[in-house]
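# Close look at the chain arrangement
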Amino acid sequence: MIDNGDGPARVRFAPSPTGHLHLGGLRTALFDWLWARKTEGQFILRIEDTDRRRFDPESMDSLVNGLRWLGLDWDEGPDVGGPCAPYVQSERQQIYGVKAQALVDKGAAYRCYCTPERLAEMREAQRRAGKRTGYDRHCRNLSDEERRQYEAEGAASVIRFAVPLEGVTVFKDLLRGDIEVENRQLQDEILLKADGMPTYHLAAMVDDRLMEITHVLRGEEWLATAPIHKLIVDAFGWEMPVLVHLPVILDPSGKGKMSKRKKMVAGKEFLALVHEFQECGYLPDAMFNFLTNVGWNFDPDQEVFSREEAIERFSLEEINPSAAALPYEKLDWLNGLYIRELTPAALKSALLPFLSRQLGVAESELRSDGKLEILIPVIQERIKRLDEAADWIDWAYQEADTIEYASPKLLIGRKLDAAQSVDMLRSGAELLAEVEPFSAEAIQVAFREKAEELGVKAGSFFGPVRGAISGKKVSPPLFESIEALGREETLERLAHAVAFLEEHMEMASG
RNA sequence: GCCCCCAUCGUCUAGAGGACUAGGACUCAGGCCUUUCAAGCCUGCAACAGGGGUUCGAAUCCCCUUGGGGGUACCA
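Since this is a predicted model, take the numbers as computed values, not measurements. (Residues numbered from 1 in each chain as written. Chains lettered and ligands numbered in written order. Predicted model: local features only at pLDDT ≥ 70, side-chain atom pairs only at ≥ 80, totals over all residues. Heavy atoms only, no water.)

The next point concerns the overall build of chain A. Across its full length, chain A carries 21 helices and 13 strands. Taken along its principal axes, the extent of the C-alpha atoms in chain A is 105 × 50 × 40 Å. The buried share among the 510 residues of chain A stands at 51%. The long-range share in chain A, meaning contacts at least 24 apart out of those at least 6 apart in sequence, stands at 74%. Accessible surface computed for chain A: about 24200 Å², of which carbon and sulfur atoms make up 48%. Averaging the positions of the 62 positive and the 85 negative side-chain charges in chain A gives two centres separated by 7 Å. (Helix = DSSP H or I, 4+ residues; strand = E, 2+ residues; numbered from the N terminus. Buried < 20%, exposed > 50% of the residue type's maximum accessible area, 1.4 Å probe, protein only. Contact = heavy atoms within 4.5 Å. Areas by Shrake-Rupley, 256 points an atom, 1.4 Å probe, with all protein chains shown as cover. Lys, Arg positive; Asp, Glu negative; His and termini not counted. Charge placed at Lys NZ, Arg CZ, Asp CG, Glu CD.)

Written as structure tokens, this is what we have:
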């Protein structure tokens with residue numbers, strides 16, 4: 001039975017498989033999951049595939065992968081089964097047929113023989129006349145004779161719900177309280193389509209009942225049709241589950257509902273699909289933390305929290321009913337934070353697929369690569385997304401002579417000229433040829449001593465060397481980088497850089 | 001057009017009549033630290049949409065306006 005109290009809740013995430021899962025859907029699923037776990041109830045996955053035209057077979061994988069990625073496990077669903085199976089609506093077709101007919105028998109619904117063409121014309125005429133569009137209930141009052149006629153002709157038909165002509169329907173949304181709508185504003189919605197498939201209005205109400213759903217969390221776009229749902233449930237003589245319409249997630253621009261398309265705002269690209277976030281290297285824990293705090297707030301004084309803490313504190317009543325845009329920059333910040341909290345070993349294994357793809361090096365090779373052991377801890381606090389790592393260390397996977405120096409300036413130290421910079425590089429090479437052990441620490445000590453001996457600022461000395469070994473102006477800490485490269489490789493690069501600088505001496509000084 | 005929902009810094013949010021000189025976080029700016037870049041630490045900029053009520057007292061309650069959003073399909 002439906003329990004509006006604090007007992008174990010049965011909640012469902014009921015997506016329609018029409019494309020990739022996006023963050024809005026994921027957030028709904030997250031809140032469903034949080035509530036199920038909080039109340040020690042069940043989280044159910046139900047597939048609403050009653051629209052055969054929009055069905056996209058690939059979306060099932062996207063859905064399952066996305067939910068699993070975030071760590072949302074379901075207790076009942078298409079793949080795991082359960083007491084209310086099947087959990088795919090297209091496999092429940094007969095149930096809806098029977099239920100729809102029951103409503104017809106009760107006089108709460110009726111068969112409608114209007115063709116799509118007639119409906120289109122009707123709407124067009126209504127629009128032209130400046131009237132509001134909607135079904136004119138042509139078939140609601142057909143005589144028995146007329147119905148027999150249509151049936152005899154074998155006319156296609158749908159079943160429509162017969163909305164009361166007068167009165168007011170009141171339903172309760174947990175976040176917004178009682179909402180009243182005049183019945184005359186409502187449409188005789190289609191319950192069963194001509195192809196025998198139900199619409200959402202019928203299928204969801206029937207399944208929520210049969211699956212004993214206690215709390216319905218769904219997007220705010222359903223708020224307008226909620227009175228119809230209340231009416232349908234009433235007609236069956238059932239009880240309404242607790243309704244919680246989650247605020248829509250806005251576009252990054254803050255205008256309009258977030259779409260599945262990548263959005264460009266101010267020259268920046270914003271992602272929307274779950275798999276895209278996955279591919280960019282956002283951590284599930286960071287995403288979980290992030291999404292939980294959009295529309296709900298864990299604690300005004302604590303931004304970072306665990307799943308367990310979130311479950312402990314989560315409550316439906318505290319959900320904010322106003323629409324929100326996703327604070328993408330906060331996601332990046334959080335993700336960086338979570339990356340920094342990883343052990344180097346965990347970060348390495350998370351990084352492997354990214355590095356392998358972007359560096360073109362086999363994962364197996366990277367796994368046993370000594371350079372990574374040294375480099376990963378030092379880039380850890382520099383990346384916000386896993387896909388940024390390659391840019392930090394790609395130079396370490398190049399050959400010395402393929403390092404390209406974009407400009408001689410790269411090799412020139414602060415307040416030094418080209419000739420002096422060549423001297424720096426040579427001094428560095430001398431020192432590196434002998435330093436023992438070849439460790440970041442020992443190298444650093446040697447470099448600092450040398451800088452003092454030479455009477456130059458550390459930065460002026462280190463800069464050219466940094467440029468020489470990495471080909472970049474910005475790179476990971478120098479001495480770890482040198483250690484990772486090894487003595488021989490480093491010396492080669494220094495020589496390579498000296499040759500380059502000397503060759504461009506004219507240009508550099510000019 | 002009609003119906004419904006929403007309204008606190010640029011963004012995510014705290015706030016359920018007096019504790020608000022409106023708090024936190026991200027972003028941004030400045031500073032410290034420093035081998036580049038980060039990270040870290042410190043400081044700063046920045047909001048109750050407007051107008052009426054109710055009340056001794058309103059960000060908080062009511063109404064109107066404005067703004068934003070959603071819906072208006074044999075889609076969900």
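Next comes the rest of the description.
As a further point, take the protein's contact with RNA strand B. Taken together, 62 residues lie around RNA strand B, and Lys193, Gly295, Glu381, Arg382 and Arg466 are the ones closest in. A share of 70% is what sugar and phosphate atoms reach among the atoms of RNA strand B within 4 Å of the protein. In this structure, a phosphate oxygen belonging to RNA strand B sits 2.8 Å away from a side-chain N or O atom of threonine 50. Mapped by element, the contributors of at least two residues to the surface near RNA strand B are α4 (116-128), β13 (324-325), α11 (328-341), α17 (440-454), α18 (458-470) and α19 (478-485). Residue composition of the surface near RNA strand B, grouped by class: 27 nonpolar, 13 polar and 22 charged. (Near = heavy atom within 4 Å. Polar contact = N/O pair within 3.5 Å; in protein donor to acceptor, adjacent residues only side chain to side chain. Nonpolar A, V, L, I, M, F, W, Y, C, P; charged D, E, K, R; others polar.)

This next bit is on the side chain of arginine 493. Structurally, arginine 493 is set in helix α20 (residues 487-503). Assessed through its relative accessible area of 0%, arginine 493 is described here as buried. In terms of polar contacts, arginine 493 uses its side chain to reach the backbone carbonyl oxygen of tryptophan 395, at 2.9 Å. Within the structure, arginine 493 has its side chain in polar contact with the backbone oxygen of glutamine 398 (distance 2.7 Å).

In this section: the nonpolar core. Core analysis: the biggest nonpolar cluster contains 115 residues, and Leu72, Phe447 and Ile482 have the highest contact counts within it. It is helix α1 (residues 23-38) that provides the largest number of residues to this core, a total of nine residues. With residues near it in sequence (within four places) discarded, leucine 72 still touches Leu26, Ala29, Leu30, Trp33, Phe43, Leu67 and Phe288. Listed in part, the 35 residues of the second largest apolar core include Tyr96, Ala109, Val163 and Leu192. (Core = buried A, V, L, I, M, F, W, Y, C linked by side-chain atoms within 4.5 Å.)

This next bit is on the domain arrangement of chain A. The domains assigned to chain A are domain 1 (10-78 + 200-250), domain 2 (96-192), domain 3 (263-339), domain 4 (342-391) and domain 5 (400-509). On a C-alpha basis, the centroid separation for the pair domain 4 and domain 5 is 25 Å. Between domain 4 and domain 5, the contact holds seven residues from the first and seven residues from the second. The interface formed by domain 4 and domain 5 includes zero salt bridges. Across the contact surface, domain 4 and domain 5 share one residue pair in polar contact (both at pLDDT 80 or more). Within the side of domain 4 that touches domain 5, the residues separate by chemical class into four nonpolar, no polar and three charged. (Domains from an automatic or database assignment. Salt bridge = Lys/Arg side-chain N within 4 Å of Asp/Glu carboxyl O.)

This paragraph deals with unusual backbone geometry. A cis amide bond links alanine 85 to the next residue, proline 86, at an omega of 0 degrees. Within the secondary structure, proline 86 is located in the loop between α2 (59-70) and α3 (93-106). For the bond from glutamate 436 to proline 437, the omega torsion is -10 degrees, close enough to zero to count as cis. Residue placement: proline 437 occurs in the loop between α16 (418-434) and α17. For glutamate 40, which is not a glycine, the phi torsion comes out positive at approximately 55 degrees. Judged by relative accessible area, glutamate 40 falls into the exposed class, the value being 68%. With a phi angle near 60 degrees, arginine 137 is a residue other than glycine that sits in the positive phi range. Secondary-structure assignment places arginine 137 in the loop between α4 and α5 (144-152). Under the relative-accessibility criterion, arginine 137 is labelled partly exposed at 21%.

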